[in-house]
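Below are the chains, spelled out letter by letter.
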Amino acid sequence: MTQPAPTLSNDTRLLLLQLAEKLDALRPDAAMSEGIRLGQALVLSEQMHGVTEAAYVAEQDLLAAMPLVRDDETRGEYAAQLRLIAQGVTL
């Protein structure tokens, strides 16, 4: 049985798309890493909200929406997944 896609906030959708764009723009064929996933969630959330409680909440929501990085996954492949998630597609 398929579970319904979680409801994402507008901020989370926007952050997913911003990260996807960033990953595609810079070295899309390079390896994606868990460090990039974690670091970019913080950076993008703080760019959106400053260093505030709202940034912390946005970061946690974004991390919850983002899949874990698979072995041998490229930045471009991960970006494609983020776009699908932002569109409400479950993976």
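Residues numbered from 1 in each chain as written. Predicted model: local features only at pLDDT ≥ 70, side-chain atom pairs only at ≥ 80, totals over all residues. Heavy atoms only, no water.

### Regarding helix H1 (residues 10-25)
Turning to step 1, where the next piece is worked out: For H1, with 16 residues, the first-to-last C-alpha span of 22 Å sits near the 22 Å given by 1.5 Å per residue.
Turning to step 2, where the next piece is worked out: Taken as a whole, H1 has its buried residues at Thr12, Leu15, Leu16, Leu19, Ala20 and Leu23. Down the axis of H1, the buried set is contained in an arc of 135°. They therefore lie on one face. Across H1 from its buried face, at more than 90 degrees, point the exposed residues Asn10, Glu21 and Ala25.
Turning to step 3, where the next piece is worked out: The elements touched by buried residues of H1 are helix H2 (34-49), helix H3 (53-65) and helix H4 (75-86). (Helix = DSSP H or I, 4+ residues; strand = E, 2+ residues; numbered from the N terminus. Expected span 1.5 Å × (residues − 1). Buried < 20%, exposed > 50% of the residue type's maximum accessible area, 1.4 Å probe, protein only. Arc of directions from axis to C-beta. Contact = heavy atoms within 4.5 Å.)

### Focus on the pattern of salt bridges
Turning to step 1, where the next piece is worked out: One pass over the full model with this rule turns up 2 salt bridges.
Turning to step 2, where the next piece is worked out: Residue Arg83 is joined to Asp24 by a salt bridge in which the shortest nitrogen-to-oxygen separation is 2.6 Å. Of this pair, Arg83 sits in helix H4 while Asp24 sits in helix H1; the two residues are 59 residues apart in sequence, bridging distant segments of the chain.
Turning to step 3, where the next piece is worked out: The exposure class assigned to Asp24 is partly exposed, which follows from its relative accessible area of 29%.
Turning to step 4, where the next piece is worked out: Its salt-bridge partner being Arg37, residue Glu34 comes within 2.7 Å of it at the nearest N-O pair. You can see Glu34 and its partner Arg37 sitting in helix H2, 3 residues apart, about one turn around the helix.
Turning to step 5, where the next piece is worked out: Overall, the relative accessible area of 7% leaves Arg37 in the buried class. (Salt bridge = Lys/Arg side-chain N within 4 Å of Asp/Glu carboxyl O.)

### A closer look at a nonpolar patch on the surface
Turning to step 1, where the next piece is worked out: There is a patch of nonpolar side chains on the surface, built from Leu84, Val89 and Leu91 and spanning about 250 Å² of accessible area.
Turning to step 2, where the next piece is worked out: Tracing the chain through its elements places Leu84 in helix H4. (Patch = residues over 30% accessible without salt bridge, like charges linked within 9 Å, V, L, I, M, F, W, Y side chains within 5 Å. Areas by Shrake-Rupley, 256 points an atom, 1.4 Å probe, with all protein chains shown as cover.)

### Looking at the side chain of Arg37
Turning to step 1, where the next piece is worked out: Side-chain polar atoms of Arg37 contact the backbone oxygen of Pro67, separated by 3.1 Å.
Turning to step 2, where the next piece is worked out: When near neighbours in sequence (up to four residues on either side) are disregarded, Arg37 contacts Met32, Leu63, Met66, Pro67, Leu68, Val69 and Tyr78. (Polar contact = N/O pair within 3.5 Å; in protein donor to acceptor, adjacent residues only side chain to side chain.)

### Brief notes about the environment of Ala65
Turning to step 1, where the next piece is worked out: Note on placement: Ala65 falls in helix H3.
Turning to step 2, where the next piece is worked out: Along the sequence, Ala65 and Ile85 sit 20 residues apart, while their C-alpha atoms lie 7.5 Å from each other.
Turning to step 3, where the next piece is worked out: Not counting residues within four places of it along the chain, the set of residues in contact with Ala65 comprises Leu8, Thr12, Leu16 and Ile85.

### Here we look at the nonpolar core
As a rule of thumb, nonpolar side chains are buried together in soluble globular proteins.
Turning to step 1, where the next piece is worked out: By size, the foremost hydrophobic cluster in this structure holds 20 residues, and its most contacted members are Leu16, Leu19, Leu23, Leu62, Met66, Tyr78 and Leu82.
Turning to step 2, where the next piece is worked out: Elements that contribute at least two residues to this core include exactly H1, H2, H3 and H4. (Core = buried A, V, L, I, M, F, W, Y, C linked by side-chain atoms within 4.5 Å.)

### Digging into unusual backbone geometry
Turning to step 1, where the next piece is worked out: Even without being glycine, Arg27 reaches a positive phi, approximately 55°.
Turning to step 2, where the next piece is worked out: Inspection of the secondary structure puts Arg27 in the loop between H1 and H2.
Turning to step 3, where the next piece is worked out: Backbone geometry at Asp72 places phi at a positive 65°, although glycine is not the residue there.
Turning to step 4, where the next piece is worked out: Summarising the element assignment, Asp72 is placed in the loop between H3 and H4.

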